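Structural overview for review
These are the residues of each chain, in order.
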Amino acid sequence: MEEAIKGFEVYLTTVKEASQNTVTSYMRDIGQFHAYLSENGGGAFTDVTDGQVNAYIKQMENAGKSLSTVTRNIASLKCFYNYLVLDKKIEQNPLLGIVSPKVERKLPQILSGKEVETLLAQPKCVDFKGYRDKAMLELLYATGIRVSELTSLNVTDVNISAGFLRCEGARRERIIPLYPAAVQAVSEYISSARSKMVSNANETALFVNLGGSRITRQGFWKIVKRYQELAKIDKQITPHTLRHSFATHLLENGADIRSIQEMLGHVDVSSTQLYAHLVKQKLRDVYNRYHPRA
């Protein structure tokens, strides 16, 4: 089993080109299923039946696991057993007949244009931290990149003179233009703060913490929460909120869905179409609020 799990991890990374978050989640799910089989005398993983899988799903539901967690576990197991079929360890996937419960997809929280402006105005360029925070927030809203991509940026990934960002996503590189305010914020951070913040002259990270090394996702999450409080925005904001807002605002202003898909780095356009639902919901709310007969 351990050898198969290791092979599956390599398969996810090299063949499926899954993100690190997906790999981590799938490997955790497979590990938990392996533990379940061991504790319940399930025998070899190659001999698993659909009945055993259904019993495992029932146990997760009885334990109070959310529908989304159960659905992801089923997806993880289906992918794992598909891999075992491809690797000729088994002849048929035991999860072929198992249907995942339907999960109602919640629309993400977004900020209004005014709320974005208020949030971006919070960092004050009076010290190194202010310059850095201003640049990070502006860059995130300007490009819609993921937080992991933001913290992974190197100095060489930003072309100040040309006004664009080069982002190494999970599957491919993409080039995203920057609006002038973002270019200015990053330029001022690099010239006025970064060189004095880095602890090592050979540091490649664009954004560093106060200790001089690459900033973490957790560190940036704290930055966002701090400025949310200062801006007095009464919404549950996460770093991903600016990504959602970026896509929705582009769509509201006439950008085509394929261009947004390219900038976000979505492999499947269905992921991007979520933002079309957000725009439609907003129009429906406006209609219901202001139409005299609504």
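Within each chain, residues carry numbers counting from 1 in the order of the written sequence. Only residues with pLDDT of 70 or above have their local features reported here, since the model is predicted, and side-chain atom pairs are shown and tallied only from 80 upward, although totals for entire chains, interfaces and linings are computed over all residues. With hydrogens and water excluded, all non-hydrogen atoms of the structure serve as input to the side-chain values.

With respect to topology, three strands assemble into an open sheet ordered 1-2-3, the strand pairing being antiparallel. In this open sheet, the two strands that pair with only one neighbour each are strand 1 (158-159) and strand 3 (173-177). Pairing between strands requires that DSSP locate at least two bridges from one strand to the other. Think of it this way: any DSSP run of H or I at least four residues long counts as a helix, any run of E at least two long counts as a strand, and we number them from the N terminus. Looking at chain direction, strand 2 (residues 164-168) and strand 3 are connected through five bridges and run antiparallel. Its bridge partner lying in strand 3, Arg166 is registered against Ile175.

Only one rule defines a salt bridge in this text: a Lys or Arg side-chain nitrogen within 4 Å of an Asp or Glu carboxyl oxygen. Scanning the entire structure with this criterion turns up eleven salt bridges. A salt bridge links Lys134 to Glu138; the shortest N-O distance between them is 3.4 Å. Of this pair, Lys134 and Glu138 both sit in helix 6 (residues 128-143), four residues apart, which is roughly one turn of the helix. For the pair Lys134 and Glu138, a shared accessibility class is recorded, and that class is buried. When accessible area is computed with a 1.4 Å probe and restricted to protein chains, residues below 20% of their type maximum are described as buried, those above 50% as exposed, and intermediate ones as partly exposed.

Let us now look at the packing of helix 2 (residues 20-39) against helix 3 (residues 50-62). Working note: a packed helix pair is described by the angle between its axes plus the distance between those axes. Axis definition: a line fitted to C-alpha atoms, limited for helices to the stretch in contact. Angles are taken between N-to-C directions and run from 0 to 180 degrees. Remark: helix 2 packs on helix 3, axes separated minimally by 11 Å, with the N-to-C direction vectors making an angle of 105°. Here helix 3 runs roughly perpendicular to helix 2, going by the angle between their axes. Along the contact surface, helix 2 presents Asp29, Gln32, Phe33, Tyr36 and Leu37, while helix 3 presents Gln52, Val53, Ala55, Tyr56 and Gln59. Classifying every residue of the contact of helix 2 with helix 3 by side-chain character gives six nonpolar, three polar and one charged. Convention used here: angles under 35 degrees read as roughly parallel, angles over 145 as roughly antiparallel, angles from 65 to 115 as roughly perpendicular, and any remaining angle as oblique. By the convention used here, residues are in contact when the closest approach between their heavy atoms is within 4.5 Å. The nonpolar class holds Ala, Val, Leu, Ile, Met, Phe, Trp, Tyr, Cys and Pro. Asp, Glu, Lys and Arg form the charged class, and all remaining residues, Gly among them, are polar.

Residues Leu165 and Cys167 of strand 2 are buried on one face, while the alternating residues Phe164, Arg166 and Glu168, pointing to the opposite face, are not. Where strand 1 lies against strand 2, two bridges are found, and the strand directions are antiparallel. In the sheet register, Asn159 faces strand 2, and the bridge partner there is Phe164.

What follows is about the packing of helix 3 against helix 4 (residues 67-86). Interaxial distance between helix 3 and helix 4 falls to 10 Å at its minimum, and their mutual angle equals 155°. When the interaxial angle is binned, helix 3 and helix 4 end up roughly antiparallel. Note that helix 3 runs across helix 4; the crossing there is right-handed. Contacts from Tyr56, Ile57, Met60 and Glu61 in helix 3 reach Val70, Asn73, Ile74 and Leu77 in helix 4. Handedness of a helix crossing follows the sense of rotation of the near helix relative to the far helix, less than a right angle counterclockwise being left-handed and clockwise being right-handed.

Listed as buried for helix 5 (residues 113-120) are Glu115, Val116, Leu119 and Leu120. Along the long axis of helix 5, the arc covered by the buried residues comes to 130°, so they all point the same way. Residues of helix 5 that are exposed and angled more than 90 degrees away from the buried face: Lys114 and Glu117. Buried-residue contacts for helix 5 involve helix 6, helix 9 (217-231) and helix 10 (239-252). The arc in question is the one traced by the directions running from the helix axis out to the C-beta atoms.

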